[in-house]
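Observations on chain architecture
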Amino acid sequence: MAKSTVKFKDCVAQAEQIMADIASRKFAPIYLLMGEESYFIDMICNALSESILSPAEQSFNQITVYGKDTSAAQVVNLCRQMPMMGAYEVIILKEAQQIDDIDKLSHYTSKPQASTILIVCHKQKSVDKRSSFYKQCNAAGVVLEAVRPRDYEIEGWLVNFLKGKRLSITQKALRMLTDHIGCDIEKISNEIEKLLVALPAGTTHITEDHIEQNVGISKEFNIYELSNAVAVKDVARAMNIAQHLAANPKDNPLLLIVLNLFSLFRDLFVINYLRWQERRKGIAFPSDVELMRILKKGNPYVIGELKRQASGWTSPQLFQILGLMREYDAKSKGMNTGSASEAELLREMLMKIFMSN
């Protein structure tokens, strides 16, 4: 199946609009919630299941079935039932990607009933957009294609997510969360929900201390601090942090560390290349706003930090290190590692970075 062309920001905007419509009790007859990012699918499905019917009505008129345990014909029959003592019959089909004959739902979606609301949760991948089922859902109801964020999009999403809860967060706390968890929105949102329960009443600003105390990520020994130490060539601090990270490889896998360092050195390389263009070709060095766009960063503070760090590295060094990162990306996935542990590979990689010339 072709890769989705839906952008993450558009997915977020559509999900927010759907949630606003639900809050206003503007319901569609069909909801097809599909794609790789389960967070938005679950969020909208839960909102619908809690909003359409009252708790008393749900006992009679809300039915949840699962793809592996049902067939399209059974779902169609459920959808054609009339509600008992209520305005709507709500049919929720979860794990729809496991249903063998999902295209046969078109027998219902071609002519949906006004008294039925069908919610289809199709995770892990999207429905074939060429199918009659997809086209009918798109014509008669709401289709959300939930896509995962890229690494440079997650921080902006998290800041807005917290803003919706009337919270702000320090840059370091933000990086601690995203570097540790990555781009998994569901995991990040779960950590935030747990954090909100633990925060003192009246807290409006999340700091690295809150993250350390309640999420369990050390504010001194984390991937963000390792990247900073490497960037300024603080060998002793980098090796000390690496030792702490290696002691807990489950939470600090080598692959995640490699990806973060690759991102760092790629950004430094781009900055030095732009400086070379300015010196040799007279092309003006970009403004911080333009550099944010080029490097796909959402914070001007990060840009200032990267420009300072780039000054300590030559372009040949950075080019060599990027090749090294590719080598250790493969090793972090088990290729050509011999008997070396992740801890040994991490120390070896850092020493090669510092010895680059």
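See above for the structure.
Let me sum up the structure you'll find in this document. Going along each chain's sequence as written, the residues are numbered from 1 onward. With pLDDT at 70 or above as the cut-off, local features in this predicted model cover only qualifying residues; side-chain atom pairs require 80 or more to be listed or tallied, and sums for whole chains, interfaces and linings still use all residues. Hydrogen atoms and water are omitted, and side-chain values are computed over all heavy atoms in the structure.

**A short note on the pattern of salt bridges**
Close approach of charged atoms allows side chains of opposite charge to pair. Using the following cut-off: Here, a salt bridge means any side-chain nitrogen of Lys or Arg that lies within 4 Å of a carboxyl oxygen of Asp or Glu. Strands here mean DSSP runs of E at least two residues long; helices mean DSSP runs of H or I at least four residues long; both are numbered from the N terminus. A simple rule labels every residue: compare its accessible area, found with a 1.4 Å probe on the protein chains alone, to the largest value its type can have, and call it buried under 20%, exposed over 50%, or partly exposed in between.
For the coordinates displayed, the defined rule picks out 19 salt bridges. Among the salt bridges present, the one from glutamate 327 reaches lysine 352, with a minimum N-O distance of 3.9 Å. Residue glutamate 327 is located in helix α16 (residues 315-332), and its partner lysine 352 is located in helix α17 (residues 342-354); the two are separated by 25 residues in the primary sequence. Judged by its relative accessible area of 32%, glutamate 327 falls in the partly exposed class. You can call lysine 352 partly exposed: its relative accessible area is 34%. Beyond isolated ion pairs, a larger network of salt bridges with shared partners links Lys172, Glu220, Glu225 and Arg237.

**Comments concerning the sheet that holds strand β1 (residues 30-35)**
Within a beta sheet, neighbouring strands are joined by backbone hydrogen bonds and run either parallel or antiparallel to one another. For the record, the criterion: The pairing criterion is simple: DSSP has to find at least two bridges between the two strands. Note on definitions: angles span 0 to 180 degrees between N-to-C directions of axes, and those axes are lines fitted to C-alpha atoms, for helices only across the stretch in contact. Whether two residues touch is decided by their heavy atoms; if any such pair falls within 4.5 Å, the residues are in contact.
Pairing within the open sheet is parallel, and its five strands lie in the order β2-β3-β4-β1-β5. In this open sheet, the two strands that pair with only one neighbour each are β2 (62-66) and β5 (142-146). On average, each strand axis in the sheet is inclined to that of its neighbour by 10°, with strand direction left out of account. In this structure, strand β3 (residues 89-94) lies alongside strand β4 (residues 116-123), joined through five bridges in parallel fashion. By the bridge assignment for β4, valine 90 is matched with isoleucine 117. Here helix α6 (residues 132-140) sits on the sheet and contacts β1, β4 and β5; the angle it forms with β1, its principal contact strand, is near 125°.

**A word on the packing of aromatic side chains**
The description of an aromatic ring pair rests on the distance of the ring centres and on the angle between the ring planes. Which entries qualify depends on this criterion: Pairing of aromatic rings covers Phe, Tyr and the six-membered ring of Trp, with a centre-to-centre limit of 6.5 Å; geometry is then stacked below 30 degrees between planes, edge-to-face above 60, and tilted otherwise. For a Lys NZ or an Arg CZ to count as sitting over a ring, it must be within 6 Å of the ring centre and within 35 degrees of the ring normal.
Within this structure, the stated rule accounts for eight aromatic pairs. When the ring of tyrosine 39 is compared with that of tryptophan 157, the centres are 5.7 Å apart and the planes differ by 85°; the resulting orientation is edge-to-face. One end of the pair, tyrosine 39, is in helix α2 (residues 38-51); the other, tryptophan 157, is in helix α7 (residues 154-163), and 118 residues separate them in sequence. Here tyrosine 39 and tryptophan 157 have matching classes, each one buried. An angle of 85° between the planes, with centres 5.3 Å apart, marks the rings of phenylalanine 265 and tryptophan 313 as edge-to-face. Residue phenylalanine 265 is located in helix α13 (residues 254-281), and its partner tryptophan 313 is located in the loop between α15 (300-310) and α16; the two are separated by 48 residues in the primary sequence. Here phenylalanine 265 falls in the buried class, since its relative accessible area comes to 0%. By the ring-pair criterion, three or more aromatic residues cluster together here, those being Phe8, Tyr39, Phe40, Trp157 and Phe161. The ring of tyrosine 152 carries lysine 296 above its face, with NZ or CZ at 5.4 Å from the centroid. The ring of tyrosine 328 has lysine 331 sitting right over it, with the charged end atom 4.7 Å from the ring centre.

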